[in-house]
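# Geometric and topological summary
The chain contents come next:
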Amino acid sequence: MTVSTYISSLVQYGVNCGLIEECDRTYITNQLLQALCLDSCEPAAPAEMPLEEILKGLLDDAVARGVCNDDITSRDLLDTKLMGILTPPPREVRKKFTEAYRESPEAATDWYYHFSQDTDYIRRYRIQKDMRWKTATEYGDLDITINLSKPEKDPKAIAAAKNAPQSGYPKCLLCPENEGYAGGLNHPARQNHRIIPLKIAGADWFLQYSPYVYYNEHCIAFNSQHIPMKIDRAAFCKLLDFVTIFPHYFIGSNADLPIVGGSILSHEHFQGGRYCFPMEKAPVEREIRFRDYEDVKAGIVKWPMSVIRLDCPNQERLVDLADKILTVWRGYTDENAFLFAETDGEPHNTITPIARRRGEDYELDLVLRNNITTEEHPLGVYHPHAELHHIKKENIGLIEVMGLAVLPSRLKGELAALEEAVLTGTDIASDPILSKHALWVEELKTRHTFTKENAKQILKEEVGKVFAKVLEHAGVYQRTEAGREAFLRFVDAVNQEA
């Protein structure tokens, strides 16, 4: 197929998706020619093919002509530039969002989510590669994913990025200045990225979708200013304000301390979307009461982590109580439960908050977090312990807190290799890649008889059970009688506060 056919097909794709209009054909074709370093284009009928195939054809041709290097980073930079040519300017996108919102909040986000996929900002064909399954546990069905949609740079690209000049613009991946940014070896291209302005608690914020979509309509709300994450009374106000604007979405914030926080602590942001996480489905296993807040329904959630759930139709009352709980928790120490508010002046206690609507009620889940480290647990006492690192070593952020495991891409190949090894009797302990799983697999053999028919499913189910243990490790109160008593001591401490 000729390059002219691919160009014609991409222009037709833009027309079909409503990104451009019929009268734009010649103009867009010429812009694509310029981006591809071509002088002309022969008349060619568009071919019916998926967007991924169209872009691959154009990229392969560009690589063959020396216009683009043949690595994932360079190819992504060029195909994003091409899609940016088809993407309408911010003023048009914001106008359409506003018009759709007048119909309903759902209509606005439906349009925007579909638009973000049509522009290839969300690469549908990569998201489909992710591995997903559910594992039944005592806490309900946990969501397990192995994320394969976020491209891993090859060694040459990593070396090139290291030697590339550094820039402080944009300051981070969340800053508004990413909209339309060309990117480079050290920063992804964002020509096809469009953001929606919001007013949250009187401040200027923006809305976008995550390009990696860990769950349905995975959105990010971020401050217009590059200011650090902070969990405080204002954060609770912002979360509840967001679910007032978009009552069909949940919204949550990563904690504001290292280890228990997310990957970007330097820019205030929340993550939300239209998805019912396992934690949302988890019931309250013990009702509790807070003095002077009898109008707020409160309880401890049946969950591996330590969660207080608050429900009330009055936002202000909910914020007042959440702020009181946070204030007490920030300064709370219980040596018998190995909880310390600070050591050597370093604070340890914070909260991961999640907000949603339940009918007319507002609901807040407050997940108690602590980031203390010890010699035995240098990555964190309330963090996956070493025996679980063969599956999950990374920080437990908001998404995992709610019961969705985002596991490293390496596990796809490792689980396939483990399946073959247990069926053939291969010595896993002597394998340089699989040896980290050896003790785990030996323990599995004491409980399962592996066959060709069941090996894959057993391994997937057991990965899910490891994730449940990961969350238990991240919980500040153990799910034992002593842990429950310690949890109630904290509740009493809140009630004793004036």
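The structure under discussion appears in the preceding block.
All figures in this text were calculated on a predicted structure; none of them were measured in a lab. (Residues numbered from 1 in each chain as written. Predicted model: local features only at pLDDT ≥ 70, side-chain atom pairs only at ≥ 80, totals over all residues. Heavy atoms only, no water.)

Of the regular secondary structure elements, the protein holds 16 helices and 15 strands. Taken along the three principal axes of its C-alpha coordinates, the protein extends 75 × 60 × 40 Å. For the protein, the residues scored as buried account for 54% of the 498 residues in total. Accessible area for the protein stands at about 22,700 Å²; split by element, carbon and sulfur atoms hold 50% of it. (Helix = DSSP H or I, 4+ residues; strand = E, 2+ residues; numbered from the N terminus. Buried < 20%, exposed > 50% of the residue type's maximum accessible area, 1.4 Å probe, protein only. Areas by Shrake-Rupley, 256 points an atom, 1.4 Å probe, with all protein chains shown as cover.)

Another point: the sheet that holds strand β1 (residues 131–137). Pairing within the open sheet is mixed, and its three strands lie in the order β1-β2-β15. Taken across any chain shown, the strands that pair with only one partner, and hence form the sheet edges, are β1 and β15 (404–407). Each strand axis lies, on average, 25° off the axis of its neighbour in the sheet, ignoring direction. Looking at chain direction, strand β2 (residues 140–146) and β15 are connected through four bridges and run parallel. Looking at β15, one finds that D143 is bridged to L404. Against the sheet, helix α15 (residues 455–474) makes contact with β1, β2 and β15, and its axis sits at roughly 65° relative to β1, the strand it touches most. (Pairing = 2+ DSSP bridges. Axes fitted to C-alpha atoms, helices over the stretch in contact; angles between N-to-C directions. Contact = heavy atoms within 4.5 Å.)

This next bit is on the pattern of salt bridges. Scanning the model with the defined rule gives 39 salt bridges in all. Two residues, R330 and D256, come together in a salt bridge whose shortest N-O distance is 2.8 Å. Within this pair, whereas R330 is found in helix α11 (residues 315–330), its partner D256 is found in the loop between β6 (250–252) and β7 (269–273), the two being separated by 74 residues in sequence. Take R330: its relative accessible area is 28%, and that puts it in the partly exposed class. (Salt bridge = Lys/Arg side-chain N within 4 Å of Asp/Glu carboxyl O.)

So, about the environment of V284. Locating V284 in the fold gives a position in strand β8 (residues 284–288). A relative accessible area of 36% places V284 in the partly exposed class. Considered as a pair, V284 and K129 are 155 residues apart in the sequence and their alpha carbons are 35 Å apart. Not counting chain neighbours up to four residues away, the residues in contact with V284 comprise G299, I300, V301 and R309.

Moving on to unusual backbone geometry. At the junction of Y169 and P170, the peptide bond is cis and its omega measures out at -15° in the coordinates. Here P170 shows up in the loop between α8 (155–163) and β3 (196–200). For V213, which is not glycine, the phi torsion reads 45° and is therefore positive. Within the fold, V213 resides in the loop between β4 (203–209) and β5 (219–223). Since its relative accessible area comes to 6%, V213 is described here as buried.

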